[in-house]
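Coordinates in review
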Amino acid sequence: MGDFSADWLSLREPVDARSRDRGLRRLLATWVPERGGLRVLDLGCGSGANLRALAPSLGIGQRWTAFDHDAALLERLPRRASGEGWSAEVATQLGELDGFDWPSADLVTASALLDLVSERWLERLIRRHAGAAFHFALSVDGRIDLAPRHAADGPVFETFVRDLQRPKGLGPALGPTAPAVAERVLREAGLQVAGAASDWILDPEDGALVEAWLRGVAAADLVREEVEETALKDWLDSHLGDLRDGRLRLRVGHRDLLALPL
Ligand SMILES: C[S@@+](CC[C@H](N)C(=O)[O-])C[C@H]1O[C@@H](n2cnc3c(N)ncnc32)[C@H](O)[C@@H]1O
């Protein structure tokens, strides 16, 4: 989805948090040096969801650089955070992801970002941080499963998934191919890669997020261009009606990846 507003990010954060794969997080924790002081780079950090999800597993003395091009989102990050057995100092950096002008890091991470970038961008990132570990959470993989179905689901979702691949300023966007491409590129760079599903499994209690997601699908440029207006309105009204009646179930495919240097 192209909406990176603070409202959208805070709607998705609790669902993201329960969807993230815990096994990969535990594996990452075992890799963290006992001496502490891990340098972490969070690309496209938004308002800091990735920090809140990962820092409690990464020990004491973490030094985070939280990078984004949205100054208002960066202002929402704490300067330091701590809990039992962990602490983090957080520096924010405002900039564009195509600049590659961020500091070195032991761990490079991003959540809900890889669909926006290109394969070439990813290769450059991995080369730039040779020797680091990479953790990419919540990359969309294009699977969408929704019930009850509507006759226009096929064309709407097919067009929406194609819309995810329109360029976002970082080359041809990976969109739903992001998890598979990232896994291959990380392996080719000689890292040891593990992946796991981190699907959103949504029910009526997640109504606000489901509604925002459905409206986002209907508002995507290609969907508006290619799906006939009355059919699209009927599609949206029908699913919102099912949501209000407590009948709608939605699963949106995501994948987490962890790559460790050998
Ligand atoms: C889907 S949000 C994910 C935010 C956060 N990682 C999370 O999981 O909540 C994508 C983030 O990438 C940032 N972003 C998108 N394109 C960017 C670019 N070209 N340069 C820097 N940041 C960018 C947006 O501002 C947004 O905060």
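Below: a short report on this structure. All figures in this text were calculated on a predicted structure; none of them were measured in a lab. (Residues numbered from 1 in each chain as written. Predicted model: local features only at pLDDT ≥ 70, side-chain atom pairs only at ≥ 80, totals over all residues. Heavy atoms only, no water.)

Glancing now at the packing of aromatic side chains. The full count for this structure, using the stated rule, is eight aromatic pairs. Where Phe100 meets Trp121, the ring centres are 5.6 Å apart and the plane angle is 45 degrees; that geometry is what we call tilted. With Phe100 in the loop between β4 (86-94) and β5 (107-111) and Trp121 in helix α5 (residues 119-128), this residue pair connects regions lying 21 residues apart in the sequence. On the basis of relative accessible area, Phe100 is assigned to the buried category, the value being 7%. By way of ring pairs, the aromatic residues Phe67, Phe100, Trp102 and Trp121 are connected into one cluster. Between the NZ or CZ atom of Arg124 and the centre of the ring of Phe100, over which it lies, the distance is 3.9 Å. (Phe/Tyr/Trp six-rings, centres within 6.5 Å; stacked < 30°, edge-to-face > 60°. Helix = DSSP H or I, 4+ residues; strand = E, 2+ residues; numbered from the N terminus. Buried < 20%, exposed > 50% of the residue type's maximum accessible area, 1.4 Å probe, protein only. Lys NZ or Arg CZ within 6 Å of the ring centre and 35° of its normal.)

A few words now on the packing of helix α6 (residues 153-163) against helix α10 (residues 229-244). Look at α6 against α10: their axes get within 10 Å of each other, and the N-to-C directions meet at 100 degrees. The orientation of α6 relative to α10 falls into the category roughly perpendicular. In this structure, α6 contributes Asp153, Val156 and Phe157 to the contact, and α10 contributes Leu232, Trp235 and His239. (Axes fitted to C-alpha atoms, helices over the stretch in contact; angles between N-to-C directions. Parallel < 35°, antiparallel > 145°, perpendicular 65-115°, else oblique. Contact = heavy atoms within 4.5 Å.)

What follows concerns the site of the ligand. The local shell around the ligand holds 17 residues, among which Gly44, Asp68, Glu96, Leu97 and Ser111 are the closest. In the environment of the ligand, a nitrogen atom lies 2.8 Å from a nitrogen or oxygen atom belonging to the backbone of Gly44. In this structure, an oxygen atom belonging to the ligand sits 2.6 Å away from a side-chain N or O atom of Asp68. If the ligand stood free it would expose 590 Å²; the protein chains cover 96% of that surface. Partitioned by chemical class, the residues of the shell around the ligand number nine nonpolar, five polar and three charged. (Near = heavy atom within 4 Å. Polar contact = N/O pair within 3.5 Å; in protein donor to acceptor, adjacent residues only side chain to side chain. Areas by Shrake-Rupley, 256 points an atom, 1.4 Å probe, with all protein chains shown as cover. Nonpolar A, V, L, I, M, F, W, Y, C, P; charged D, E, K, R; others polar.)

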